[in-house]
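# Residue-level structural notes
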Amino acid sequence: MEIIAEIGQAHEGSLGTALSYIDALSDAGVDAVKFQVHIAEAESSIYEPFRIKFTHQDETRIDYWKRMEFTLEQWKILKLRCEEKGVEFLASPFSNAAVDLLEKLGVKRYKVGSGEVNNLLLLEKIAQTGKPVILSSGLSSFKELDSTVDFLKERNINISILQCTTSYPTQPENYGLNVIKELKNRYNLKTGYSDHSAKTETCIAATALGAEILEFHAVFSRKSFGPDASSSLEIEEIKELVKAVRNISEALENPVDKSDNSRFADLKGIFEKSLAVNKDLPKGHILKFEDLEAKKPKNKGVSAEDFQNLIGKRLKSDIKKWDFITKDNF
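Thresholds applied
- Residues numbered from 1 in each chain as written.
- Predicted model: local features only at pLDDT ≥ 70, side-chain atom pairs only at ≥ 80, totals over all residues.
- Heavy atoms only, no water.
- Salt bridge = Lys/Arg side-chain N within 4 Å of Asp/Glu carboxyl O.
- Helix = DSSP H or I, 4+ residues; strand = E, 2+ residues; numbered from the N terminus.
- Buried < 20%, exposed > 50% of the residue type's maximum accessible area, 1.4 Å probe, protein only.
- Domains from an automatic or database assignment.
- Arc of directions from axis to C-beta.
- Contact = heavy atoms within 4.5 Å.
- UniProt positions renumbered as here; feature names shortened; annotations may be inferred.
- Axes fitted to C-alpha atoms, helices over the stretch in contact; angles between N-to-C directions.
- Parallel < 35°, antiparallel > 145°, perpendicular 65-115°, else oblique.
- Left-handed = near helix turned anticlockwise from the far one by under 90°.
- Nonpolar A, V, L, I, M, F, W, Y, C, P; charged D, E, K, R; others polar.
- Pairing = 2+ DSSP bridges.
- Right-handed = clockwise from strand over helix to strand, strands pointing away.
- Phe/Tyr/Trp six-rings, centres within 6.5 Å; stacked < 30°, edge-to-face > 60°.
- Lys NZ or Arg CZ within 6 Å of the ring centre and 35° of its normal.

Time to look at the pattern of salt bridges. In the structure shown here, the tally under the stated rule is 25 salt bridges. For Lys184, the salt bridge identified is with Glu212, shortest N-O distance 2.8 Å. Highlighted residues: Lys184 in helix H8 (residues 178-187) and Glu212 in the loop between helix H9 (200-208) and strand E8 (213-219), separated in sequence by 28 residues. Owing to a relative accessible area of 27%, Lys184 belongs among the partly exposed residues under this scheme. Here the residues in one salt-bridge network are Glu2, Glu88, Arg109 and Lys190, joined through shared partners.

As structure tokens, then:
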């Protein structure tokens, strides 16, 4: 299982805050820390509307993207901190210029956001690097995904694909957990889940349903400023999620053979029971169901599972209340 925590724009354009997120997420046990690389002039224009109006600080959306930018030297600092903390530096580019920047950083692979699945210009730019791609499917129909997957396969790109619902925060009726299996069956690719629900159980459920990659937004507090804060997990929640997911992944990798219970032999001897009588019974009494009780341990007489074979049999000797029944009693 691969666990990716997305910082996105939670750093608010602050290098120090971004470094703090890397440290906290590394300590939480994730495998990769993901950023978004926005180069405002290459990606946007003054005509781009706000997805949600959350800021009085930025007059336009492109002003917001400008405030989110880091220089190449700052990105190098962030990537180095990831390496020092033992997590992968991962990023989503939103322009060809962003791909050029990430190539200067020497990233291992690319994450493509839901809004870029049909941006074949960007996908061609990424494909020219020859590096693996994680594809988020949030805004796409199967028809659109078919086209994009074919486009990347034709270029011999290693693809992973994530079920994603682009809704902030995502409500349970829109999780689309069923799509994990559908994607896996349709494309035969490594498949995962990208979450915006701000709830740990969503990723836990996705793990149980076969997700091999998990991605979620991270924030120090959901009360923070920013467009993704309300759909993010807080650091302490991420710590608990990582533990839960690792445990479930280990369980799924170690299937139990229910046809073989030999390892429970000792426990069966403790927990399983033998037949006894619940009252004093005289010689000649014909045993009835109402006369029987089952008591621990096993192997002190007739097994409880064989009670039907004793009903209607005549006792050849007296038997005391709570005594175990043996074949010698008949």
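Back to the text.
Taken domain by domain, the protein chain holds domain 1 (2-253) and domain 2 (262-329). Here the C-alpha centre of domain 2 lies 63 Å away from the C-alpha centre of domain 1.

Moving on, we get to H8. By the burial criterion, the buried members of H8 are Val179, Ile180, Leu183 and Tyr187. Summarising the axial view, the buried residues of H8 lie within an arc of 110°, below the 170-degree limit, and thus occupy one face. Seen from the buried face of H8, the exposed residues on the opposite side, beyond 90 degrees, are Lys181 and Asn185. At its buried positions, H8 is contacted by helix H7 (142-154), strand E6 (159-164), strand E7 (190-195) and H9. Asn188 sits one or two residues past H8 and shows a positive phi near 55°.

When the UniProt feature table is mapped onto this chain numbering, "domain: AFP-like" (unreviewed entry) sits at residues 274-330. Here residues 274-330 runs as 0% helix and 14% strand, with 16 Å between its end C-alpha atoms.

With that out of the way, let us pick up the packing of helix H6 (residues 120-127) against H7. Relative to each other, H6 and H7 sit at 25°, their axes nearing to 10 Å. With respect to H7, the axis of H6 lies roughly parallel. The interaxial crossing formed by H6 with H7 has right-handed handedness. Here Leu120, Leu123, Glu124 and Ala127 of H6 come into contact with H7, specifically with Thr148, Phe151 and Leu152. Across the contact of H6 with H7, the residue classes break down as five nonpolar, one polar and one charged.

A word on helix H3 (residues 61-68). Taken across its eight residues, H3 has six buried, putting it largely inside the fold. Within H3, the full set of buried residues consists of Arg61, Ile62, Tyr64, Trp65, Arg67 and Met68. As for H3, its buried residues are in contact with helix H2 (40-43).

In this section: the pairing of strand E1 (residues 2-8). Of all seven residues making up E1, seven are buried, and the element is well covered by its neighbours. Judged by which residues are buried, E1 turns out to be covered on both faces: Glu2, Ile4, Glu6 and Gly8 on one side and Ile3, Ala5 and Ile7 on the other are all buried. The sheet contact formed by E1 and E8 spans five bridges and is parallel. The residue bridging Ile3 from the neighbouring strand is Leu214, located in E8. Where E1 lies against strand E2 (residues 32-37), four bridges are found, and the strand directions are parallel. Each residue of the ladder has a partner; that of Gly8, found in E2, is Phe35. The handedness of the E1 to E2 crossover, carried by helix H1 (residues 15-28), is right-handed.

The next subject is the packing of aromatic side chains. Tallying each qualifying case throughout the model produces seven aromatic pairs. Ring geometry for Phe35 and Trp75: centres 5.6 Å apart, planes at 85°, overall edge-to-face. One end of the pair, Phe35, is in strand E2; the other, Trp75, is in helix H4 (residues 72-85), with 40 residues separating them in the sequence. For Phe35, a relative accessible area of 0% corresponds to the buried category. These aromatic residues form a ring-pair network of at least three members: Phe35, Phe70, Trp75 and Phe89. When the ring centre of Phe324 is taken as reference, the NZ or CZ atom of Lys295 above it lies at 5.3 Å. Directly above the ring of Phe330 sits Lys313, whose terminal nitrogen or CZ lies 6.0 Å from the centroid.

What follows is about the packing of H1 against H4. H4 packs onto H1 with a crossing angle of 15° between their chain directions and a minimal axis gap of 10 Å. Here H4 runs roughly parallel to H1, going by the angle between their axes. Considering how the two elements wind past one another, H1 and H4 form a crossing that is right-handed. The segment H1 lies against H4, with Leu15, Ala18, Leu19, Ile22, Asp23, Ser26 and Asp27 engaging Gln74, Ile77, Leu78, Arg81, Cys82 and Lys85.

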